[in-house]
Amino acid sequence: MRLKNEPYPRPAEVKGYVPTKKLASTKKLASTKKLASTKKLASTKKLASTKKLASTKKLASTDQAESSLGPGRWLRLIIGDWLAALAGRSHLLLVAMAGLVAGLILLVPLYLLLRSIGAGREAVATLLSPRTALVMGNTILLAVAVTIGATAVAVPLAWLTAATDLPGRRMWTVMVAMPLVLPSYVVAFIFISMLSPKGVMQQLLEPLVGLERLPSFYGFPGAFLVLTLITYPLIFLTVRGAIQRLDPALEEAARNLGLGPRQVFWRVTLPHLRPAILAGALLVMLYVLRDFGAVTTLQYNTFTRIIYNRYLSYRLDMAALFALVLVIMALIILYLEQRSRGRARYARLSSGCSRRREAARLGKWTAPALAFTGAITTLALGLPLAGLLYWVWRGWPGHQVGNDLGTIKNNLMSLSGLLEPAWYSITASTLAAVATILLALPIAILVVRRPGRMSWLLERLAYASYALPGIVVALAFVFFGIHILPSLYQTLPMMLAAYVILFIPLAIGALRATLGQMSPSLEEAGRSLGQQPLAVLRRITLPLIWPGLTAGALLIFLTAMKELPVTLILSPLGFNTLAEQVWTNIGEAFFARAALPALLLLVLSSIPLAWLTVRDTQS
Amino acid sequence: MNLTKSALHQGTSGVAWIERVINRRRNRGWLIIGMGVLILASGLVACQPAAEVTEGVGKAGEGDPESKRLVIYSGRSESLVGPIIEQFEQERGIEVEVRFGGTAEMAGVLLEEGAESPADLFYAQDPGGLGAVQAAGLLAPLPAEIRELVPDRFVSDSGEWVGISGRARTVVYNTKAISKPEEQLPGDLSGFTDPAWHGRLGWAPTNGSFLAMVTGIRAIWGEEKTRNWLAEMQANEPAVYESNSAIVAAVGAGEIDVGLVNHYYLYRFLAEEGEGFGARNYFLPGGGPGSLIMVSGVGQLKSAENQENGLEFIRFLLSKDGQQYFADETFEYPLVAGVTTVAGLPPLAELDKQAVEIELSQLADVAGTQEMLLSLGIIE
Amino acid sequence: MDIAPIHCQEISKFYGELAAVEGVSLNVPAGRILTLIGPSGCGKTTVLRLVAGFERVDRGEIAIGDMNVAGPERHLPPEQRRIGMVFQDYAIFPHLSVAKNVGFGLNNRSSKKERDSRVESLLHFVGLETMGERMPHELSGGQQQRVALARALAPEPRALLLDEPFSNLDAALRSEVRAEVKELLQQSGTTTIFVTHDQEEALFFGDLVGVMRAGRIEQVGTPEEIYLQPRSRFVAAFMGQNDFIPGEVSSEGVETPLGRLVLPTRLEPGTMLEIASRPNQVALTLDEPHNGRIVSRQFLGFACLYGVALNDGSMVHSWQPHQFDLSVGMAIQARFRPGRWPPMFQNGRYVEEAYQ
């Protein structure tokens, strides 16, 4: 059978359409002849000329310009031009700000490197000795144990308060997060007075059970308990935020596939919460590395003890070297965290318009849940609170007891005397929160939107500085402050800069979580609609990350309220915070005098915490 | 106009060029680091040793009746010296700005600040800090008239710092466990090495006063005897506390039976908890190093701006009024003769007969003490 | 409205060593719709993002109308290109109402009244007049998509880019929405580049279709051209259902298992070719000699699709109306139906010399 020879039918003519033959081979299309001849495209001549202009390396190098414009006008031209260019090219601004923060962050390691030069063989010998290894081992042991403990406490609490119908969960949220506010050594002190072998607990139990002596609370048990109770709020807050951002559709899909509620939690919810848990666990681990007050009060030697002993003997160089070791330890921990975090991206695929999640019903588990929450709250908040109130009661006027040496001024501080430190505390902490969030924003944006080796390195260094005791950061700023910017030395801006270094990991963590949840296409959509990057930031990004941003700011506020070494060393003269009042009085065993500032610290910190919790649960 | 336009073009393309450089992925990171390095480079430049400050010639404001200002870095806590400073402010009309902190921290800050320090005076809780600052050459010699206000041994041999008030080392004991202190407690520090004291003792080896005490012991007993004493004490496994007040609290509760502390902490506990508090002080009668007097001291910085005001303050502290304050309010020992200590405290002369010969400067060699403690494994 | 054509000249984009896009040249006349289609990872979305300005070109130039927006010396940021974009996930701002979303890009309008009227007219245009005050999470997928479209069109862009906008809709909705959107686009007359992986969509939507593979353009043409005159085996295989059967050039034409194609050819006798056969080109009869056997039968509603295993081992498909009640297992004669020449390929390349 023969087939007819029919030629190809010609395609219908389309207006403006270039015929098939010419399009068929892309090579032909690429011929510059065709395109260059269209008036619409810039002629190659024009392209060449812009090339020429762009390649001038120095602006002032053209003789033409120099001969006709005076230097003043030239300068004004360049500056005006730069400002206009900057306004239109705000990613330059982003890079510049990130550079500024990078410089700040690098200050501390640089100081350590410079200072440790003179440390010499002696320091290395100490470093490599078995006793140091033992101390390092103890440090890591405590860090790991506390992290596990804090996670075990915080995750159920976060779940109960954010995803179930636990009665009074708003109140519980505030109370569960409150221990963050208390300085670690205060809690340690109170716990010792309660739980030490002959402490309050023993005195209560003796008539009942005849217990003569409680097992020693000092050392690992005490350090573990106290540090867990102080640090679990860090994980609690991050996980709670993540739970609120969970897409209920995921769990519903799992239920649909036949998984029971418990299985859903273990196999669907928990893996999704993993990044938040890891972020909080990282903070906890680094906190344990840097803590000094609590562990020493509890008689457990960690690496900070080694650093501090060098400060006590005024060997700043050896102290710097050991601090560097701490930084390396922190970097190792960060590396491990990165490995376990993997490469998962957490941006939502849909445009973030998911439904509200329904609170899980506890039913018969309500009582045990309440018991658990109540127990943790009692231990972490109730006990310290009770201790403080007890001190207040002891120092109450009229209750003072004289002794044969006359009275000592261990009565309560007057509230009016506390107004000034309270004001300073609030001011400094608020400014610290604002400044840190602002400066962390460029880094967080770079890390999330344009991940690369450098932004990764920046983030690592920022976190590594979090592992250092405050005194190290303070001394680094003293060194650089007095030599580079003496006019700013011991002023509020420099102290704030040091605060930023101290707290930036908290901000980066919070911002990274919220930014990561926001799909980048939202920002791209804004740009496609003609908004410049700054406008996109203002109109789209900021409103959407606002909840996470304020949560991060709150965390920084709470941590800054109790900050001590940097405040002591870098604050302007006469600057007096509540944390300082607490510390100075406890140090001298004026417990009653320490009680009121500590209580005021607690109260003032709980106000923004409560407000944010209410706002969170309402929205 | 044309020129401006082309100049603008140049500028824009200059920016565009930078932009291009930035926007190449591999460049961006280096740019950020470059900026950071720029800041650090200025730090390296700043590492140049600070210029020497000529002695005796003060900066602007010295002797100037208009400048009524004084800046003190204090290692003594505000609750102790705050009132006396306020009193000074009110009486002399000089505005005193104080930075409070731990002695070691304040000394560390002074060492970092060097000659640029804004501080006029350094008021330290124990000689170690002053010694370190002095060794760095930051202190100025005090005029003779001030040095002569206190006995010679309370002045450093370089004349750069002077003691203000003293605290006695003492043994605090639990009244329930030790009902008859004179019989049950040894008369000398070396008595505590007896195995009978195993597990009943508490000390704070990282505390400044303890370090000063051991330094004094080294000066009195010599290196070898001190070392042996420390080793034997360590063999008794004393409980290690962070601070003196923790020891007193522990003794009062009955956790340990005795502790080596400074004498005045007890009174704060007595004030809060009343006479029922189960601890009391016991001053070792031997007059040996166990009852050393720790002095707090003041030094003036070479770079001080308000030198006259600083000297005024030291004079005030060493005046009858100042010394009486320490005697009455903080229960310390005045160092100036003729001031009565509060009742109940054994007089100075009785206490450290043997220690009379120790120079204050000898108490400042904390580094050596630390080395000894390190080698014995008492501290890390 | 200022509608502009889009010219891409030899644009390339590299990620390290990998070329996501290489030497792509496109020419979209003003007011026309170009559909870019290809398998995953072929670079079509990258081309879109290069035109939009979210990525920089490593080589080549892009011009929109008379504006040279991208080139080695020049990169106009997205916000200055006046191009509208509809994203795959719509990217509706969750914190703004529908009206505010649509009016988002209208900031440089002079008066609020003008902005409001423009928003209203656009909402009317997409059929969402009553939804102005709703929040995005209250809308269905199709409604969200229409909001995205309205938002992109509001600032009167010179060109429009659509990134797989229908992939998130369920199938029933998809065809309906598709038709509506095409109507809207043609009414607005905006130059459009439309990226999809669904070939049915591509053929339906575009005035021009561009097939991409591994970062390069395989072929650009009208839907008919792409479908009926594929220039490479890849395009033939990708668009529409195609079977490939071997053919051998002889002195009289091309010998295939479906019969001899008598056509003048410049190829050497003995050359092996691959011939693309479409279901509508294969005729089935029960006459002898049989050259194949029916192995599958699929009822499609309007016709039946039969799978025929030919005796030489190759497989073809054929659409037949219901009158032919054939069943699986029947021996059959399959022939090329008279009509167009089927496309022929040698080593994947379209062989023009097969036809004189």
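Here the structure is a predicted model, which means the values were calculated and not measured.

Chemist: I'd like a rundown of the overall build of chain A, residues and numbers included.
Modeler: Along the backbone of chain A there are 28 helices and 0 strands. For chain A, the proportion of contacts with a sequence separation of at least 24, taken over those separated by at least 6, is 80%.

Chemist: I'd like a rundown of the overall build of chain B, residues and numbers included.
Modeler: A count of helices and strands for chain B gives 15 helices and 11 strands. Per-residue burial over chain B gives 53% buried out of 380 residues. Across chain B, the fraction of contacts at a sequence separation of at least 24, relative to all contacts at a separation of at least 6, is 77%.

Chemist: Mind laying out the domain arrangement of chain A, listing which residues take part and the relevant values?
Modeler: All names here are of chain A. Domains assigned within chain A are domain 1 (115-346 + 365-374) and domain 2 (422-619). The C-alpha-based centres of domain 1 and domain 2 are spaced at 20 Å. Going through the elements one at a time, helix 10 (169-177), helix 11 (184-195), helix 13 (220-245), helix 15 (261-290), helix 17 (303-312) and helix 18 (316-341) are the ones with two or more residues in the side of domain 1 that touches domain 2. Tallied by class, residues from the side of domain 1 that touches domain 2 come to 27 nonpolar, 4 polar and 3 charged.

Chemist: Can you explain the sheet that holds strand 11 (residues 216-221) of chain C? Please cite residues and give values.
Modeler: Residue and element names in this part refer to chain C. As summarised here, the arrangement of the 6 strands in space is 7-8-9-3-10-11, forming an open sheet in which the pairing is mixed. The strands lining the two open edges of the sheet, one partner per strand, are strand 7 (83-86) and strand 11. Averaged over all pairs of adjacent strands, the angle between strand axes in this sheet comes to 20 degrees, irrespective of strand direction. In this structure, strand 7 lies alongside strand 8 (residues 159-163), joined through 4 bridges in parallel fashion. When the bridges of strand 8 are listed, G84 appears paired with L160. Contacts between helix 4 (residues 141-153) and the sheet are confined to strand 7 and strand 8, with strand 7 contributing the most and set at about 170 degrees to the helix.

Chemist: If you had to explain the domain arrangement of chain B to someone new, which residues and values would you point to?
Modeler: Interface extent is often summarised as the accessible area lost during association of the parts. Residues and elements named next belong to chain B. Once the domains are mapped, chain B shows domain 1 (69-166 + 293-346) and domain 2 (167-292 + 371-376). One C-alpha centre belongs to domain 1, the other to domain 2; they are set 27 Å apart. Residue-level contacts link 14 residues of domain 1 with 12 residues of domain 2. Looking at the side of domain 1 that touches domain 2, the elements with two or more residues in it are helix 4 (103-113), helix 5 (127-135) and strand 10 (293-301). For the side of domain 1 that touches domain 2, the residue count by class is 7 nonpolar, 5 polar and 2 charged.

Chemist: Hey, could you go over helix 27 (residues 578-587) of chain A for me, with residue numbers and the actual values?
Modeler: Counting buried positions along helix 27 of chain A yields 9 of 10 residues, so the element is predominantly enclosed. Listed in full, the buried residues belonging to helix 27 of chain A are L578(A), A579(A), E580(A), Q581(A), V582(A), W583(A), T584(A), N585(A) and I586(A).

Chemist: Break down the packing of helix 13 of chain A against helix 23 (residues 492-517) of chain A for me, with residues and values.
Modeler: Between two packed helices, the angle of one axis relative to the other and the distance separating the axes together describe the packing. Residue and element names in this part refer to chain A. Two elements in contact, helix 13 and helix 23, have axes separated by 11 Å at closest approach and are oriented at 10 degrees. Relative to helix 23, the element helix 13 is oriented roughly parallel. Residues T238, G241, A242 and R245 of helix 13 form the contact with helix 23, whose participating residues are G509, A513 and Q517. Residue composition of the contact of helix 13 with helix 23, by class: 2 nonpolar, 4 polar and 1 charged.

Chemist: Describe the pairing of strand 1 (residues 6-15) of chain C, naming the residues involved and giving the relevant values.
Modeler: Residue and element names in this part refer to chain C. Of the pairings in the sheet, the one linking strand 1 to strand 2 (residues 18-28) comprises 7 bridges and is antiparallel in character. By the bridge assignment, F14 is partnered in strand 2 with A19. Between strand 1 and strand 2, which pair antiparallel one after the other, the connecting turn spans 2 residues, and G16 there sits at a positive phi close to 65 degrees.

Chemist: Describe the pairing of strand 10 (residues 208-213) of chain C, listing the residues and the values that go with them.
Modeler: Residue and element names in this part refer to chain C. Among the 6 residues of strand 10, 5 are classified as buried, and the element is accordingly described as predominantly covered. Pairing of strand 3 (residues 33-37) with strand 10, which is carried by 4 bridges, proceeds in the parallel orientation. Paired with L36 across the strands is G210, a residue of strand 10. Where strand 10 hands over to strand 11, the hairpin turn is made up of 2 residues, of which A214 adopts a positive phi near 50 degrees.

About the criteria used
Residues numbered from 1 in each chain as written. Chains lettered and ligands numbered in written order. Predicted model: local features only at pLDDT ≥ 70, side-chain atom pairs only at ≥ 80, totals over all residues. Helix = DSSP H or I, 4+ residues; strand = E, 2+ residues; numbered from the N terminus. Contact = placed C-beta atoms within 7 Å. Buried ≥ 20, exposed ≤ 12 C-beta atoms within 10 Å, placed from the backbone. Domains from an automatic or database assignment. Nonpolar A, V, L, I, M, F, W, Y, C, P; charged D, E, K, R; others polar. Pairing = 2+ DSSP bridges. Axes fitted to C-alpha atoms, helices over the stretch in contact; angles between N-to-C directions. Parallel < 35°, antiparallel > 145°, perpendicular 65-115°, else oblique.

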